[in-house]
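Commentary on secondary and tertiary structure
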Amino acid sequence: PVDLSLLRKAESILLIISLISSMVCIRPAVVNAVSDTVIISQIYGGGGNSGAEYKNDYIELLNRGTTPVSLNGWSVQYASASGSAWQVTPLSGVLQPGQYYLIQQASGSGGTLDLPAPDAIGSIAMSATSGKVALVNSQTALSDTCPKNAMIIDFVGYGTANCAEGRPAPTLSNRTAAQRVQNGCQDSDDNLVDFSIAAPFPRNSTFTAADCSICLLY
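Predicted model only: the values in this text are computed from it and were never measured. (Residues numbered from 1 in each chain as written. Predicted model: local features only at pLDDT ≥ 70, side-chain atom pairs only at ≥ 80, totals over all residues. Heavy atoms only, no water.)

As a further point, take the confidence of the model for the protein chain. Looking at the protein chain, pLDDT values average 88 and 83% of them are 70 or higher. Taken together, the stretch residues 17-24 has pLDDT below 50 and engages in 6 contacts with residues farther than four places along the chain or on a different chain. The model gives residues 26-33 a pLDDT under 50, and that stretch makes 15 contacts with residues more than four places away or in other chains. (pLDDT = per-residue confidence, 0-100. Contact = heavy atoms within 4.5 Å.)

So, in C-alpha coordinates, the structure goes:
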(Lines give C-alpha, C1' and ligand atoms only; values in the text may rest on other atoms or scores of the structure.)
Protein backbone atom coordinates (compact mmCIF):
# COMPACT_ATOMS: atom_id res chain seq x y z
CA PRO A 1 0.00 0.00 0.00
CA VAL A 2 1.04 3.59 -0.66
CA ASP A 3 2.32 5.44 2.40
CA LEU A 4 0.12 8.57 2.33
CA SER A 5 2.29 10.37 4.88
CA LEU A 6 5.33 10.04 2.61
CA LEU A 7 3.28 11.21 -0.36
CA ARG A 8 2.16 14.30 1.54
CA LYS A 9 5.75 15.05 2.54
CA ALA A 10 6.85 14.79 -1.08
CA GLU A 11 4.08 17.15 -2.16
CA SER A 12 5.13 19.62 0.55
CA ILE A 13 8.76 19.51 -0.62
CA LEU A 14 7.71 20.14 -4.22
CA LEU A 15 5.60 23.10 -3.11
CA ILE A 16 8.51 24.60 -1.19
CA ILE A 17 10.81 24.17 -4.22
CA SER A 18 8.22 25.87 -6.41
CA LEU A 19 7.92 28.82 -4.03
CA ILE A 20 11.69 29.24 -3.81
CA SER A 21 11.98 29.11 -7.61
CA SER A 22 9.51 31.96 -7.93
CA MET A 23 11.68 34.15 -5.72
CA VAL A 24 15.00 33.73 -7.55
CA CYS A 25 16.22 34.20 -11.08
CA ILE A 26 15.00 31.36 -13.29
CA ARG A 27 17.29 29.85 -15.90
CA PRO A 28 16.31 27.31 -18.55
CA ALA A 29 18.60 24.32 -19.01
CA VAL A 30 20.45 25.87 -21.95
CA VAL A 31 21.38 29.56 -21.86
CA ASN A 32 23.10 31.33 -24.74
CA ALA A 33 24.68 34.80 -24.89
CA VAL A 34 23.36 36.03 -21.55
CA SER A 35 24.40 39.66 -21.03
CA ASP A 36 26.17 40.47 -17.78
CA THR A 37 26.14 44.18 -18.55
CA VAL A 38 23.41 46.35 -20.09
CA ILE A 39 20.04 44.84 -21.01
CA ILE A 40 16.60 46.01 -22.12
CA SER A 41 14.55 46.10 -18.93
CA GLN A 42 11.21 47.51 -20.10
CA ILE A 43 9.27 48.21 -23.30
CA TYR A 44 6.11 50.30 -23.66
CA GLY A 45 4.54 51.12 -27.01
CA GLY A 46 1.10 52.34 -25.95
CA GLY A 47 2.11 55.89 -25.03
CA GLY A 48 -0.31 58.54 -26.21
CA ASN A 49 -2.87 55.98 -27.35
CA SER A 50 -6.51 55.81 -26.24
CA GLY A 51 -6.71 54.85 -22.58
CA ALA A 52 -2.97 55.23 -22.03
CA GLU A 53 -1.62 56.84 -18.87
CA TYR A 54 1.65 58.12 -20.34
CA LYS A 55 1.95 60.40 -23.35
CA ASN A 56 5.02 58.71 -24.85
CA ASP A 57 6.31 55.29 -25.80
CA TYR A 58 9.57 54.35 -24.10
CA ILE A 59 12.36 51.81 -23.83
CA GLU A 60 14.21 51.30 -20.55
CA LEU A 61 17.69 49.86 -20.05
CA LEU A 62 19.48 48.55 -16.96
CA ASN A 63 23.13 47.87 -16.22
CA ARG A 64 22.89 44.52 -14.42
CA GLY A 65 26.67 44.25 -14.24
CA THR A 66 29.22 45.31 -11.65
CA THR A 67 31.18 47.88 -13.65
CA PRO A 68 30.23 51.14 -15.45
CA VAL A 69 29.41 50.84 -19.16
CA SER A 70 29.79 53.61 -21.74
CA LEU A 71 26.81 53.87 -24.09
CA ASN A 72 28.60 56.25 -26.45
CA GLY A 73 28.14 55.01 -29.99
CA TRP A 74 25.37 52.57 -28.96
CA SER A 75 21.72 52.65 -30.01
CA VAL A 76 18.33 51.12 -29.42
CA GLN A 77 16.57 49.99 -32.57
CA TYR A 78 12.97 49.06 -33.32
CA ALA A 79 11.23 47.11 -36.06
CA SER A 80 7.64 45.94 -36.45
CA ALA A 81 6.69 42.39 -35.51
CA SER A 82 7.55 40.99 -38.95
CA GLY A 83 9.47 43.92 -40.41
CA SER A 84 13.06 44.33 -41.59
CA ALA A 85 13.24 48.15 -41.51
CA TRP A 86 14.98 49.17 -38.27
CA GLN A 87 14.62 52.65 -36.77
CA VAL A 88 17.54 53.93 -34.69
CA THR A 89 17.80 56.06 -31.53
CA PRO A 90 21.42 56.98 -30.62
CA LEU A 91 22.56 56.67 -27.00
CA SER A 92 25.30 58.34 -24.98
CA GLY A 93 26.63 58.59 -21.46
CA VAL A 94 27.92 56.13 -18.87
CA LEU A 95 25.60 53.72 -17.09
CA GLN A 96 26.64 52.77 -13.56
CA PRO A 97 26.02 49.31 -12.03
CA GLY A 98 22.34 48.93 -11.17
CA GLN A 99 21.42 52.16 -12.95
CA TYR A 100 18.40 52.46 -15.23
CA TYR A 101 18.32 54.49 -18.46
CA LEU A 102 15.07 55.84 -19.90
CA ILE A 103 14.67 56.41 -23.64
CA GLN A 104 11.63 58.46 -24.58
CA GLN A 105 10.05 57.68 -27.94
CA ALA A 106 7.10 59.03 -29.97
CA SER A 107 4.09 60.68 -28.38
CA GLY A 108 0.40 60.57 -29.23
CA SER A 109 -2.70 62.63 -28.57
CA GLY A 110 -3.74 60.51 -25.58
CA GLY A 111 -2.28 60.02 -22.13
CA THR A 112 -2.15 62.43 -19.22
CA LEU A 113 1.33 61.95 -17.71
CA ASP A 114 4.75 62.99 -18.93
CA LEU A 115 7.54 60.47 -18.53
CA PRO A 116 10.21 61.10 -15.89
CA ALA A 117 13.10 63.11 -17.35
CA PRO A 118 14.45 60.88 -20.14
CA ASP A 119 18.13 60.02 -20.49
CA ALA A 120 17.77 59.89 -24.29
CA ILE A 121 15.07 60.99 -26.70
CA GLY A 122 13.97 59.34 -29.95
CA SER A 123 10.97 59.66 -32.20
CA ILE A 124 10.08 56.02 -32.90
CA ALA A 125 6.37 55.20 -32.92
CA MET A 126 6.33 51.70 -31.45
CA SER A 127 3.48 49.23 -31.67
CA ALA A 128 1.45 48.94 -28.49
CA THR A 129 1.03 45.18 -28.97
CA SER A 130 3.86 43.53 -30.94
CA GLY A 131 7.34 44.45 -32.13
CA LYS A 132 11.09 43.94 -31.84
CA VAL A 133 13.64 46.02 -29.91
CA ALA A 134 17.41 45.61 -30.08
CA LEU A 135 20.19 47.14 -28.00
CA VAL A 136 23.15 47.52 -30.34
CA ASN A 137 26.80 48.47 -29.86
CA SER A 138 26.57 50.56 -33.03
CA GLN A 139 24.40 53.29 -34.51
CA THR A 140 24.16 51.61 -37.90
CA ALA A 141 20.67 50.31 -38.64
CA LEU A 142 20.21 46.55 -38.53
CA SER A 143 18.80 44.64 -41.47
CA ASP A 144 16.67 41.50 -41.94
CA THR A 145 13.62 40.47 -39.97
CA CYS A 146 15.73 38.45 -37.53
CA PRO A 147 19.23 39.94 -37.64
CA LYS A 148 22.29 37.93 -36.66
CA ASN A 149 24.78 40.61 -35.75
CA ALA A 150 27.68 40.48 -33.33
CA MET A 151 26.99 44.09 -32.36
CA ILE A 152 23.62 43.18 -30.80
CA ILE A 153 23.94 43.34 -27.00
CA ASP A 154 20.32 42.42 -26.16
CA PHE A 155 17.19 41.64 -28.15
CA VAL A 156 13.51 41.49 -27.20
CA GLY A 157 10.59 40.39 -29.33
CA TYR A 158 7.11 40.85 -27.92
CA GLY A 159 3.62 39.84 -28.95
CA THR A 160 3.55 38.23 -32.41
CA ALA A 161 7.19 39.15 -33.19
CA ASN A 162 8.82 36.74 -35.63
CA CYS A 163 12.17 37.03 -33.85
CA ALA A 164 13.11 36.95 -30.16
CA GLU A 165 15.56 35.55 -27.67
CA GLY A 166 13.92 32.20 -27.09
CA ARG A 167 10.18 32.91 -27.22
CA PRO A 168 8.60 36.37 -27.55
CA ALA A 169 7.45 38.27 -24.48
CA PRO A 170 3.66 38.52 -24.05
CA THR A 171 1.43 40.71 -26.22
CA LEU A 172 1.04 44.21 -24.76
CA SER A 173 -1.67 46.88 -24.85
CA ASN A 174 -2.13 50.64 -24.48
CA ARG A 175 -2.10 50.17 -20.71
CA THR A 176 0.58 47.51 -20.26
CA ALA A 177 4.35 47.30 -20.62
CA ALA A 178 6.78 44.39 -20.89
CA GLN A 179 8.79 44.50 -17.67
CA ARG A 180 11.82 42.32 -17.10
CA VAL A 181 11.35 40.44 -13.84
CA GLN A 182 13.53 40.73 -10.72
CA ASN A 183 13.52 44.56 -11.04
CA GLY A 184 14.93 44.16 -14.54
CA CYS A 185 17.85 41.95 -13.53
CA GLN A 186 16.93 38.52 -14.88
CA ASP A 187 18.36 37.50 -18.25
CA SER A 188 17.82 33.85 -19.19
CA ASP A 189 17.84 34.53 -22.95
CA ASP A 190 14.14 33.61 -23.17
CA ASN A 191 11.94 36.70 -23.53
CA LEU A 192 8.81 34.84 -22.45
CA VAL A 193 10.44 33.77 -19.19
CA ASP A 194 12.21 37.05 -18.51
CA PHE A 195 9.32 39.49 -19.08
CA SER A 196 5.91 39.90 -17.50
CA ILE A 197 2.98 42.17 -18.34
CA ALA A 198 2.49 45.07 -15.93
CA ALA A 199 1.38 48.68 -15.78
CA PRO A 200 4.03 51.04 -17.24
CA PHE A 201 6.63 52.00 -14.64
CA PRO A 202 9.33 54.10 -16.34
CA ARG A 203 12.63 54.46 -14.47
CA ASN A 204 15.42 56.86 -15.40
CA SER A 205 19.02 57.19 -14.25
CA THR A 206 17.99 58.95 -11.02
CA PHE A 207 15.82 56.04 -9.87
CA THR A 208 17.08 53.87 -7.00
CA ALA A 209 19.72 51.50 -8.33
CA ALA A 210 18.81 47.82 -8.71
CA ASP A 211 20.77 45.11 -6.89
CA CYS A 212 21.34 42.39 -9.46
CA SER A 213 23.95 40.46 -7.46
CA ILE A 214 21.63 37.50 -6.83
CA CYS A 215 20.73 37.17 -10.52
CA LEU A 216 24.37 37.25 -11.58
CA LEU A 217 24.99 34.11 -9.51
CA TYR A 218 22.77 32.10 -11.86
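Having seen the model, we can carry on.
Before going further, it helps to spend a moment on the state of the cysteines. What we call a disulfide is simply a covalent bond connecting the sulfur atoms of a pair of cysteines. The full count for this structure, using the stated rule, is 2 disulfides. With a sulfur-sulfur separation of 2.0 Å, Cys146 is cross-linked through a disulfide to Cys163. Across the S-S bond of Cys146 and Cys163 the torsion is about 55°, and the bridge reads as right-handed. Residue Cys146 is found in the loop between strand E9 (131-136) and strand E10 (152-158), and its partner Cys163 is found in the loop between E10 and strand E11 (177-180); the two are separated by 17 residues along the sequence. Among the residues examined, Cys146 registers a relative accessible area of 26% and is labelled partly exposed. Each sulfur in the disulfide pair Cys185 and Cys212 lies 2.0 Å from the other. In this structure the cystine formed by Cys185 and Cys212 twists about its S-S bond by roughly -70°; its chirality is therefore left-handed. Note that Cys185 is positioned in the loop between E11 and helix H2 (191-194) and Cys212 in the segment after strand E12 (195-198), a separation of 27 residues in sequence. For the pair formed by Cys185 and Cys212, the shared burial category is buried. (Disulfide = S-S within 2.5 Å. Helix = DSSP H or I, 4+ residues; strand = E, 2+ residues; numbered from the N terminus. Buried < 20%, exposed > 50% of the residue type's maximum accessible area, 1.4 Å probe, protein only.)

The next subject is the sheet that holds E9. If you walk across this open sheet you meet the 4 strands as E5-E4-E9-E10, and the pairing is antiparallel. Two strands in the sheet have a free side with no partner beyond their single neighbour: strand E5 (87-90) and E10. Neighbour-to-neighbour, the strand axes of this sheet turn through a mean angle of 15°, independent of strand direction. (Pairing = 2+ DSSP bridges. Axes fitted to C-alpha atoms, helices over the stretch in contact; angles between N-to-C directions.)

So, on to the side chain of Gln105. Checked against the element boundaries, Gln105 lands in strand E7 (residues 100-107). Judged by its relative accessible area of 2%, Gln105 falls in the buried class. In this structure Gln105 touches Asn56, Asp57, Tyr58, Ile59, Val76, Thr89, Gly122, Ser123, Ile124 and Met126, once residues within four positions along its chain are discounted.

Before going further, it helps to examine the nonpolar core. Leu61, Leu71 and Leu91 are the most contacted members of the largest nonpolar core, which totals 25 residues. If one sorts the elements of this core by residue count, strand E1 (residues 38-44) sits on top with 3 residues. Once residues lying within four places of it in the same chain are set aside, the contact partners of Leu91 are Leu61, Leu71, Asn72, Gly73, Trp74, Ser75, Val76, Tyr101, Ile103, Ala120, Leu135 and Gln139. Within the second largest apolar cluster, 8 residues are counted, among which are Ala134, Val136, Ile152 and Cys163. (Core = buried A, V, L, I, M, F, W, Y, C linked by side-chain atoms within 4.5 Å.)

Before going further, it helps to examine the pattern of salt bridges. Tallying each qualifying case throughout the model produces 7 salt bridges. The partner of Asp154 in a salt bridge is Arg180, with the nearest N and O atoms 3.0 Å apart. Separated by 26 residues along the polypeptide, Asp154 in strand E10 and Arg180 in strand E11 bring together distant segments of the chain. Taking relative accessible area as the criterion, Asp154 reaches 1% and is therefore assigned buried. For Arg180, a relative accessible area of 3% gives the class buried. The residue Arg167 makes a salt bridge to Asp190 at a minimum N-O spacing of 2.7 Å. One end of the pair, Arg167, is in the loop between E10 and E11; the other, Asp190, is in the loop between E11 and H2, with 23 residues separating them in the sequence. (Salt bridge = Lys/Arg side-chain N within 4 Å of Asp/Glu carboxyl O.)

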